[in-house]
Amino acid sequence: MRIAGSVLRVTVVLLMLLCGRRSRTLATGRSLMVLAPHPDDETLGCGAILARRYQGGGAVAVVVVTDGAGNPPGRDAGELVRLRRAEVLTAMARLGIDEADVRFLGLADGALEGLHNDLVRLVSDLVAELGPDDVLVTSAGESHADHAALGRAARHACAGTQVRLWSYPIWQWQESRSLVRLVTPRCEYVATSAYREAKRRAIAAFATQLGPVEDGGLPTGLLRACCGRWEFFHRIPCDLPRRGGSVALIDHVARTDSLQRGSPVRSPARVRRRPQQG
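Caption draft 1: Representation of the overall build of the protein chain. Within the protein chain, the secondary structure is distributed over 10 helices and eight strands. Taking all contacts inside the protein chain whose residues are at least 6 apart in sequence as the whole, residues at least 24 apart take part in 85%. Counting only carbon and sulfur atoms, one obtains 52% of the accessible surface of the protein chain, whose full area is about 12,200 Å².

Caption draft 2: Fine view of the packing of helix H5 (residues 116-130) against helix H6 (residues 145-158). In contact at an axis separation of 8 Å, H5 and H6 are set at 55° when each is read in the N-to-C sense. With respect to their mutual orientation, H5 and H6 come out oblique. In the crossing of H5 with H6, the sense of the turn from one axis to the other is right-handed. On the side of H5, the interface is formed by His116, Leu119, Val120, Val123, Ser124 and Val127, while H6 contributes Ala149, Leu150, Arg152, Ala153, Ala154, His156, Ala157 and Cys158. Residue classes in the contact of H5 with H6 are distributed as 10 nonpolar, three polar and one charged.

Caption draft 3: Expanded view of the environment of leucine 95. For leucine 95, the location among the structural elements is in the loop between helix H4 (77-94) and strand E4 (102-107). Leucine 95 sits 102 residues away from glutamate 197 along the chain, and the two C-alpha atoms are 9.6 Å apart. Beyond its immediate stretch of four places on either side in the chain, leucine 95 contacts Gly47, Ala51, Gln55, Ala198, Lys199 and Ala202.

Caption draft 4: Quick peek at the sheet that holds strand E7 (residues 187-191). Within the open sheet, the eight strands sit side by side as E1-E7-E8-E6-E5-E2-E3-E4. Their pairing is mixed. Two strands bound the open sheet, and with one partner strand each, they are strand E1 (21-22) and E4. Relative to strand E5 (residues 134-138), strand E2 (residues 31-36) runs parallel, the two sharing three bridges. Counted as the bridge partner of methionine 33 is valine 135 from E5.

Caption draft 5: Seen up close, the nonpolar core. Formed by 50 residues in total, the largest nonpolar core has its most connected members in Leu44, Cys46, Leu50, Met92, Leu136, Tyr168 and Phe233. Here this core gets seven residues from one element, more than from any other, and that element is helix H3 (residues 41-55). Core analysis: the next-biggest nonpolar cluster, separate from the first, contains 26 residues, Val63, Leu112, Val135 and Ile236 among them.

Caption draft 6: Summary view of H5. Between its first and last C-alpha, H5 extends 21 Å over 15 residues, near the 21 Å set by a 1.5 Å rise per residue. Turning to H5, its buried residues number three or more, namely His116, Asp118, Leu119, Val120, Leu122, Val123, Ser124, Leu126, Val127 and Leu130. Once H5 ends, the next one or two residues include glycine 131, with phi positive near 60°.

Caption draft 7: A look at the side chain of histidine 38. Note on placement: histidine 38 falls in the loop between E2 and H3. By relative accessible area, which is 6% here, histidine 38 ends up buried. Side chain to side chain, histidine 38 and aspartate 146 meet in a polar contact 2.9 Å long. Leaving out residues up to four positions away in the same chain, histidine 38 has contacts with Val64, Thr66, Arg84, Asp109, His144, Asp146 and His147.

Caption draft 8: Local environment of the side chain of aspartate 40. Following the sequence through the fold, aspartate 40 ends up in the loop between E2 and H3. When sequence neighbours within four positions are dropped, the list of residues in contact with aspartate 40 reads Arg84, Val88, Phe206, Gln209 and Leu218.

Caption draft 9: Geometry of the pattern of salt bridges. Per the stated rule, a full pass over the model turns up nine salt bridges. Residues aspartate 40 and arginine 84 are paired through a salt bridge, measuring 3.5 Å at the closest nitrogen-oxygen approach. Of the two residues, aspartate 40 is situated in the loop between E2 and H3 and arginine 84 in helix H4; the sequence distance between them amounts to 44 residues. Of the two residues, aspartate 40 and arginine 84, both sit in the buried class. Where lysine 199 meets glutamate 231, a salt bridge forms, and the shortest distance between an N and an O atom there is 2.6 Å. In this pair, lysine 199 sits in helix H8 (residues 196-203) while glutamate 231 sits in strand E8 (residues 230-236), placing the two residues 32 residues apart along the sequence. Across this residue pair, the class does not change: lysine 199 and glutamate 231 are buried. What emerges from the salt-bridge pattern is a single network uniting Arg53, Asp134 and Arg164.

Caption draft 10: View of the confidence of the model for the protein chain. Taken over all residues, the pLDDT of the protein chain has a mean of 87, while the share at 70 or more is 85%. Within the model, pLDDT remains below 50 along residues 241-269, and this stretch shows 51 contacts once partners closer than five positions in the same chain are excluded.

Caption draft 11: Local environment of the environment of alanine 159. Secondary-structure assignment places alanine 159 in the loop between H6 and strand E6 (164-168). Separated by 78 residues in sequence, alanine 159 and proline 237 have C-alpha atoms that sit 8.3 Å apart.

Caption draft 12: Here's a closer look at the state of the cysteines. Under the definition given, this model contains zero disulfides. The thiol of cysteine 227 is unpaired, and the distance to the nearest cysteine sulfur, on cysteine 226, comes to 6.8 Å. Taking the relative accessible area as the measure of exposure, cysteine 227 reaches 17% and is therefore buried.

Analysis parameters
Residues numbered from 1 in each chain as written. Predicted model: local features only at pLDDT ≥ 70, side-chain atom pairs only at ≥ 80, totals over all residues. Heavy atoms only, no water. Helix = DSSP H or I, 4+ residues; strand = E, 2+ residues; numbered from the N terminus. Contact = heavy atoms within 4.5 Å. Areas by Shrake-Rupley, 256 points an atom, 1.4 Å probe, with all protein chains shown as cover. Axes fitted to C-alpha atoms, helices over the stretch in contact; angles between N-to-C directions. Parallel < 35°, antiparallel > 145°, perpendicular 65-115°, else oblique. Left-handed = near helix turned anticlockwise from the far one by under 90°. Nonpolar A, V, L, I, M, F, W, Y, C, P; charged D, E, K, R; others polar. Pairing = 2+ DSSP bridges. Core = buried A, V, L, I, M, F, W, Y, C linked by side-chain atoms within 4.5 Å. Buried < 20%, exposed > 50% of the residue type's maximum accessible area, 1.4 Å probe, protein only. Expected span 1.5 Å × (residues − 1). Polar contact = N/O pair within 3.5 Å; in protein donor to acceptor, adjacent residues only side chain to side chain. Salt bridge = Lys/Arg side-chain N within 4 Å of Asp/Glu carboxyl O. pLDDT = per-residue confidence, 0-100. Disulfide = S-S within 2.5 Å.

As structure tokens, then:
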């Protein structure tokens, strides 16, 4: 697939601003859950909206699904998992978000495509436990298999619920055909404004992902798009039948998260309501 150039990105952004609309729902909603396939996607795609909602007194939950051990390649997996988790927590702190509102599920990086039913069950349980009004997830149209798999699973998991489901672009910024498909009337956008510099500092926390592209680093064009004046989201219809999954995976995730946190296995807390800040 042809790599998108800067002129095409600027054109698509202008068209999204023309065809879409400024989102009041996402800017001012009560509770929000962001599903990130890898440690950094939550910040790249949703850093400003997370900071805006949290600092405005809203409730947020960030769920990082995989351990991120696959990138950069050739690194010690255990050390890389520790580094990438620390990077997420640093990024969230720079956005003003409490560590208690971040969850690490620890699934294998690169393995989500073969876990559809399990992911549906996992996301369904998270929605039921955390009770968000809005769920943000990577698009099923992304070229990265983990991103697409999580997007498909979230759509099935949210079917029949009152949750508003939205997708956010990551690798779609980098590929011409996928980028053009972002221009739809379902597009809504939120100004990064006062949170743009905080988002840039948060992205800078991901040192493992900011090396040369040939060593697994993120492309410059993608980073520029993610640091722009707007964050873009697409409303996803949740009209698909719900599908079950494996209880074994849920048990595995609970055990893994417990070991990472150093605490007994327990059900995740609901998205916490925060008092309005003056």
